[in-house]
Each structure stands twice: as structure tokens, then as C-alpha cells.
Amino acid sequence: EGNEASWEEVDMFIGGLRQDYLASVQQPIIVFSPKDVPPPLRHRYENQSCAFVSGKVLDSMTLRMAGIDVAEAVITLRGGTWEGFDAAHIVMEDYEVITL
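This structure is a prediction, so every number in the text was calculated from the model and none was measured. Numbering of residues begins from 1 in every chain and follows the order in which that chain's sequence is written. Local features are withheld for residues below a pLDDT of 70 in this predicted model, meaning they are given only at 70 or higher, and side-chain atom pairs are given and counted only at 80 or more; totals for whole chains, interfaces and linings count all residues. Working from all heavy atoms in the structure, the side-chain values ignore hydrogens and water.

### Things to note about the pattern of salt bridges
Reasoning step 1: Whenever Lys or Arg places a side-chain nitrogen within 4 Å of a carboxyl oxygen from Asp or Glu, that contact is recorded as a salt bridge. One pass over the structure, following the stated rule, counts 1 salt bridge.
Reasoning step 2: Of the charged contacts in the structure, one is a salt bridge between Arg44 and Asp11, with a shortest N-O distance of 2.8 Å. Linking Arg44 in helix α2 (residues 39–45) with Asp11 in helix α1 (residues 3–17), this pair joins segments that are 33 residues apart in sequence.
Reasoning step 3: Looking at Asp11, the relative accessible area reads 21%, which means it is partly exposed. Helix and strand definitions follow DSSP, with helices as H or I runs of at least four residues and strands as E runs of at least two, each counted in order from the N terminus. Partly exposed residues are those whose accessible area sits between 20% and 50% of the maximum for their type, while under 20% is buried and over 50% is exposed, using a 1.4 Å probe and protein chains only.

### Things to note about unusual backbone geometry
Reasoning step 1: Even without being glycine, Ser49 reaches a positive phi, approximately 55 degrees.
Reasoning step 2: Residue placement: Ser49 occurs in the loop between α2 and β2 (50–54).

### Topic: the pairing of β2
Reasoning step 1: Paired strands, in this sense, are two strands between which DSSP finds at least two bridges. Pairing between strand β1 (residues 29–33) and β2: 5 bridges, direction parallel. Within the sheet, the bridge partner assigned to Val31 lies in β2 and is Phe52.
Reasoning step 2: Between the parallel pair β1 and β2, the chain is carried across by α2, and the sense of this crossover is right-handed. Whether a crossover is right-handed depends on one test, that the path from the first strand over the helix to the second runs clockwise when the strands point away from the viewer.

### Details of the side chain of Arg18
Reasoning step 1: Relative to the helices and strands, Arg18 is located in the loop between α1 and β1.
Reasoning step 2: A residue counts as positive if it is Lys or Arg and as negative if it is Asp or Glu; His and the chain ends are not included. Buried charge Arg18 goes without a salt bridge, the closest partner of opposite sign being Asp20 at 9.7 Å.
Reasoning step 3: The term polar contact refers here to a pair of N or O atoms within 3.5 Å; inside protein, the definition further demands a hydrogen-donor-capable atom paired with an acceptor-capable atom, and it admits residues adjacent in sequence only when both atoms are side-chain atoms. A polar contact of 3.2 Å, which involves the side chain of Arg18, links it to the backbone oxygen of Ser49.
Reasoning step 4: Residue contacts for Arg18: discarding those within four places in its chain leaves Gln26, Gln27, Pro28, Ile29, Gln48 and Ser49. In this analysis, two residues are considered to be in contact whenever any of their non-hydrogen atoms come within 4.5 Å of each other.

Following this line, the structure appears as C-alpha cells:
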């Protein structure tokens, strides 16, 4: 499925942030996705302050439950389309979801 490329991007992104030379600045990471994370990826980062949450990525209440309103940084990768919607475009236009 086309989702595999997105998980590779997530893996590369988290791996880059979890390099030994960045140990003093490592922040917790929450990866929020409409689909469950592949088990090998979850296991690779489970002891590195990284959590994976699946749910409706376009629902503002679900995003708040995942902690987006207290996050120090919000990063979107790839955008993609789910259920016929361009998620990155919609989320960035919804002031209730993300405040930059």
C-alpha cells in the first residue's frame, strides 16, 4: 500500500532525532496517524520517548486528546490524502486544530 513510503519517512525522521549526539536535546515524540504503526517501527522506538497513536487525524478533539495543544512543535510529513481529503491542507487551515 502507498502508506509504506510514509512509514519509511517517519522512521528516517525519528531516527535522525534520536542520534547519540542529540541526546541532550531529545524531546518526546508522538506520531499520530490514521493507521496503526507497523510493529517493527513501534518496537524500534518504544524505549526512546516515542509513542504512536492512531485515530481520526482530521478530528480536532482527537488531536487535542493526543496532546497537540500542549506540544512544543508540530510537524507534518508528506500530508497524504485520507478519505478523499488533503489532510495537510485542511489541518493547516483549521485554526481550532493547529495554532502556529
